[in-house]
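Below are the chains, spelled out letter by letter.
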Amino acid sequence: FPVTIWPIIETACRSGGLIKLQLQDLDSKELMIRFHEKGGKSRKQPVSKALMQSIISLAKSRGVKSPTDSLFSYKYICSCRCTKKLECTCKSHQHSNCSELSIPVSPHKFEKLWKRLGEQISWVAEKQISNHWLRHTTLTWVDRATSSNSIASKYAGHGPATVTAGYTSARKEEIRQAHDLLFKN
């Protein structure tokens, strides 16, 4: 899987949480990622060692160094050696001494990824595959694998769905077990 889609499948993260990821959100020792999602909520989610390594590798290839640098970005290459994209006035991006700027992926650019995938892979367009579709699929797998609404709810980053669910809760270890059951390290 492309490293931009893999985290969605493995963590059931929302697209907003994915594109907000920063270097400081990765815990490679615990194999956890902190997502900052809607409503100002954040949640930690377990990931496989392979996914963590792929995200770190992508970040390095994009020049991510600072803890607050965006992990999902693209390189903007400019020959005028400007320091900010908005100051750039040159039209040629082929100069051999270009400076490279890392631009965070916007929600609009992320949605264009799904459009491009649909153009290249017919069944993606036919089935209307999207971030939300993948999130829903993963949460269905978690629910079926664990037979636990509270674990699926926590995996999703949801609050309690019913009053009864408020009396039960899923512990971090249970979330990890559900992840490992589906995505062995």
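These numbers were taken from a predicted model, which means no experiment stands behind them.

Moving on, we get to the overall build of the protein chain. The number of helices and strands found in the protein chain is eight helices and five strands. Starting at the N terminus and ending at the C terminus, the protein chain contains elements arranged as α-α-β-β-β-α-β-β-α-α-α-α-α. Split into buried and exposed, the 185 residues of the protein chain put 39% on the buried side. Restricting to contacts in the protein chain with at least 6 residues of sequence separation, those with at least 24 account for 54%. Of the roughly 11,400 Å² that the protein chain leaves accessible, carbon and sulfur atoms contribute 53%.

Once that is clear, we can look at the layout of surface pockets. In this structure, the largest pocket spans a volume of roughly 370 Å³. Every residue lining the largest pocket is counted, 21 residues in all, and those nearest its centre are R43, K44, Q45, K154 and G157. Those elements that provide at least two residues to the lining of the largest pocket are β2 (32–36), β3 (42–46) and α8 (172–182). The element contributing the most residues to the lining of the largest pocket is β3, with five residues.

Turning next to the pairing of β3. As paired strands, β2 and β3 are joined by five bridges and run antiparallel to one another. Bridge pairing in β3 links H36 to S42. Where β2 hands over to β3, the hairpin turn is made up of five residues, of which G39 adopts a positive phi near 75°.

Further remarks concern the packing of helix α7 (residues 149–156) against α8. Where α7 contacts α8, the axes come no closer than 10 Å and their chain directions differ by 85°. Classified by the interaxial angle, the pair formed by α7 and α8 is roughly perpendicular. Across from I151, K154 and Y155 in α7, the residues of α8 making contact are E174, I175, A178 and H179.

Rules behind the numbers
- Residues numbered from 1 in each chain as written.
- Predicted model: local features only at pLDDT ≥ 70, side-chain atom pairs only at ≥ 80, totals over all residues.
- Heavy atoms only, no water.
- Helix = DSSP H or I, 4+ residues; strand = E, 2+ residues; numbered from the N terminus.
- Buried < 20%, exposed > 50% of the residue type's maximum accessible area, 1.4 Å probe, protein only.
- Contact = heavy atoms within 4.5 Å.
- Areas by Shrake-Rupley, 256 points an atom, 1.4 Å probe, with all protein chains shown as cover.
- 1 Å grid on protein atoms, 1.4 Å probe; cavity = no way out; pocket = protein on both sides within 12 Å on 5 of 7 lines; lining within 4 Å.
- Points joined across faces, edges and corners; volume = space filled by probe spheres on them.
- Pairing = 2+ DSSP bridges.
- Axes fitted to C-alpha atoms, helices over the stretch in contact; angles between N-to-C directions.
- Parallel < 35°, antiparallel > 145°, perpendicular 65-115°, else oblique.

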